[in-house]
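Spelled out, the chains give:
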Amino acid sequence: MTQQENLECLRKQALEDIGRAESLAELDVVETRYLGRKGEVTQLLRTIGSLPPEERRSFGQRVNQIKEELAAVIQNRRNELSVVEISTKLQKEALDVTLPGRFFQVGRPHVLVETLKRIKDIFIGLGYEIVESPEIELYKYNFAALNYPEEHPALDEQMSFYITDDCLLRTQTTAFQHRVMEKRKPPIRVCTMGKCYRVDAVDATHSHTFHQVDCFTVDHGITMADLKGTLHQFAVEMFGRDVQVRFRPDFFPFVEPGAEVAVTCTICDGKGCGVCKGTGWLELAGAGMIHPRVLETVGIDPEEYTGFAFGFGVDRIPMIKYSIDDLRLFLENDLRFLRQL
Ligand SMILES: [Zn+2]
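The residue numbering used here restarts from 1 in each chain and proceeds along that chain's sequence as written. Residues qualify for local features only when their pLDDT is at least 70, as the model is predicted, and side-chain atom pairs are given and counted only at 80 or more; totals for whole chains, interfaces and linings, by contrast, use all residues. For the side-chain quantities, the full set of heavy atoms in the structure was used; hydrogens and water were omitted.

As a further point, take the pattern of salt bridges. A carboxyl oxygen of Asp or Glu within 4 Å of a side-chain nitrogen of Lys or Arg is what we treat as a salt bridge. This structure, assessed with the given rule, holds 15 salt bridges. Close ionic contact of lysine 140 with glutamate 182 constitutes a salt bridge, the shortest N to O distance being 3.4 Å. Residue lysine 140 is located in helix 6 (residues 139–142), and its partner glutamate 182 is located in helix 7 (residues 176–183); the two are separated by 42 residues in the primary sequence. Buried means the residue's accessible area, taken with a 1.4 Å probe over protein chains only, is under 20% of the maximum for its type, while exposed means over 50%, and partly exposed covers the values in between. You can call glutamate 182 partly exposed: its relative accessible area is 36%. Among the charged side chains, a network of salt bridges with common partners joins Asp17, Arg20 and Arg33. Here a strand is any run of E in DSSP of at least two residues, a helix any run of H or I of at least four, and the numbering for each starts at the N terminus.

On to the packing of aromatic side chains, then. Side-chain rings of Phe, Tyr and Trp, where Trp is taken by its six-membered ring, are said to pair if the distance between their centres is within 6.5 Å; with planes under 30 degrees apart they count as stacked, over 60 as edge-to-face, and otherwise as tilted. Summed over the entire model, instances satisfying the criterion amount to eleven aromatic pairs. Aromatic side chains phenylalanine 308 and phenylalanine 310 sit 6.1 Å apart centroid to centroid with 25° between the ring planes, which places their arrangement in the stacked category. Using a relative accessible area of 1% as the deciding quantity, one classes phenylalanine 310 as buried. Aromatic side chains phenylalanine 310 and phenylalanine 312 sit 6.4 Å apart centroid to centroid with 5° between the ring planes, which places their arrangement in the stacked category. Phenylalanine 312 matches phenylalanine 310 in its accessibility class, with the two residues each being buried. Chaining the aromatic ring pairs together yields one cluster made of Phe123, Tyr128, Phe234, Phe308, Phe310 and Phe312. The rule for a charge over a ring is simple: NZ of Lys or CZ of Arg within 6 Å of the ring centre, and within 35 degrees of the ring normal. The ring centre of tyrosine 128 lies 6.0 Å from the NZ or CZ of arginine 189, which sits over that ring.

Turning our attention to the domain arrangement of the protein chain. Note on interface size: it is often stated as the accessible area lost on association of the parts. An automatic or database domain assignment is the source of the domain bounds shown. Under the domain assignment used here, the protein chain contains domain 1 (3–93) and domain 2 (111–338). The distance between the C-alpha centroids of domain 1 and domain 2 comes to 91 Å.

Quick look at the sheet that holds strand 2 (residues 136–138) now. Here three strands make up an open sheet; going across it, the order is 2-4-3 and the pairing antiparallel. Strands with a single pairing partner mark the edges of an open sheet, and in this sheet they are strand 2 and strand 3 (162–164). Neighbour to neighbour, the strand axes of the sheet diverge by 35° on average, direction disregarded. Between any two strands, at least two bridges found by DSSP are needed for them to pair. Strand direction decides the pairing type here: strand 2 and strand 4 (residues 167–169), joined by three bridges, are antiparallel. The residue bridging isoleucine 136 from the neighbouring strand is leucine 169, located in strand 4. Only C-alpha atoms enter the line fits that serve as axes; for helices the fit covers just the stretch in contact. Angles between N-to-C directions range over 0 to 180 degrees.

The interhelical angle for the contact between helix 2 (residues 24–35) and helix 4 (residues 53–93), taken along N-to-C directions, is 170°, at an axis separation of 10 Å. One finds that helix 2 runs roughly antiparallel with respect to helix 4. Facing helix 2, whose interface residues are Leu24, Leu27, Asp28, Glu31, Tyr34 and Leu35, helix 4 presents Lys67, Leu70, Ala71, Ile74, Arg77, Arg78, Leu81, Ser82 and Glu85. Broken down by class, the residue content of the contact of helix 2 with helix 4 amounts to eight nonpolar, one polar and six charged. Orientation labels follow simple angle bins: below 35 degrees gives roughly parallel, above 145 gives roughly antiparallel, 65 to 115 gives roughly perpendicular, and whatever is left gives oblique. Contacts were defined at the residue level, with two residues in contact if any of their heavy atoms lie within 4.5 Å. For this classification, the nonpolar set comprises Ala, Val, Leu, Ile, Met, Phe, Trp, Tyr, Cys and Pro, the charged set comprises Asp, Glu, Lys and Arg, and every other residue, Gly included, is treated as polar.

Running from N to C, helix 1 (residues 3–20) and helix 2 point in directions that differ by 165°, and their axes come no closer than 9 Å. By the criterion of interaxial angle, the relationship of helix 1 to helix 2 is roughly antiparallel. Crossing handedness for the pair helix 1 and helix 2: left-handed. Of helix 2, the residues touching helix 1 (which contributes Leu10, Gln13, Ala14, Asp17, Ile18 and Arg20) are Glu26, Leu27, Val30, Arg33 and Tyr34. Residue composition of the contact of helix 1 with helix 2, by class: six nonpolar, one polar and four charged. By the definition used in this description, the sense in which the near helix is turned from the far one sets the handedness, with an anticlockwise turn below a right angle giving left-handed and a clockwise turn giving right-handed.

See below:
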């Protein structure tokens, strides 16, 4: 094959390759292969010296012609390809604003945590200081200091989780009372809340682990009227303005007199329904005036000071509020249930 034939062959091959390039990157490769500094057309120009002198001029001209032709064809192909690439890119990145949004599940506090926070806020609003108290408690604070008689059934090993003979998981948040009174002098107005434990089979209204709130006040001239006012205010803030509070005599070793506190059933507004067993009332708390003997054991003179105390189950509150009849639902972590609250 002569040099001229070689050249024409190369031109044909180059035109085919340019036509086949499907992207700008591919086209760049083709351009370098033929027209680059070490490209095939450029190389051919360098062989000009091996030609007979009379052919050199026309060969040189033809090479330059082909170079220009190829450069123009490449430029055209490049223009075509950039239009295609831009529109593909636009299509790929197009945003359909009419599509429905993606739904992200956002977590939130558990209903019992929310309830504890609400209770805390109410008592802080009433001037109480919230104190921490241990879940592993001494027998002394959990029972003895609270005036429990030796034969009281609550002291039975079968009823409480004992860790050692004088150490147990607290059965009531009331255990913190003596701890506080040992360290402070009246006026005292404190509140604690948290988990309590009792040996109990789990059913709709009982659990081995539950939450309690306990508050007590000791000061000059504290009376049953203060206790009633405080609990009434709490009930109003928790359940709404229309709620009524009922006190009936009850017995707890650490108070005298003691009372069982109930609120009007929020489901039937006191008319009587299945949840309140037709009575129109729902039991809320145990309360009373702190027993003089309890005050004496910490060196507070019961002649000079009086106090009231009350405690209630936290888990009961959302049950009352949302008319839930099974305590276990709170702890089973079924999101279908928890998301409704
Ligand atoms: Zn009712």
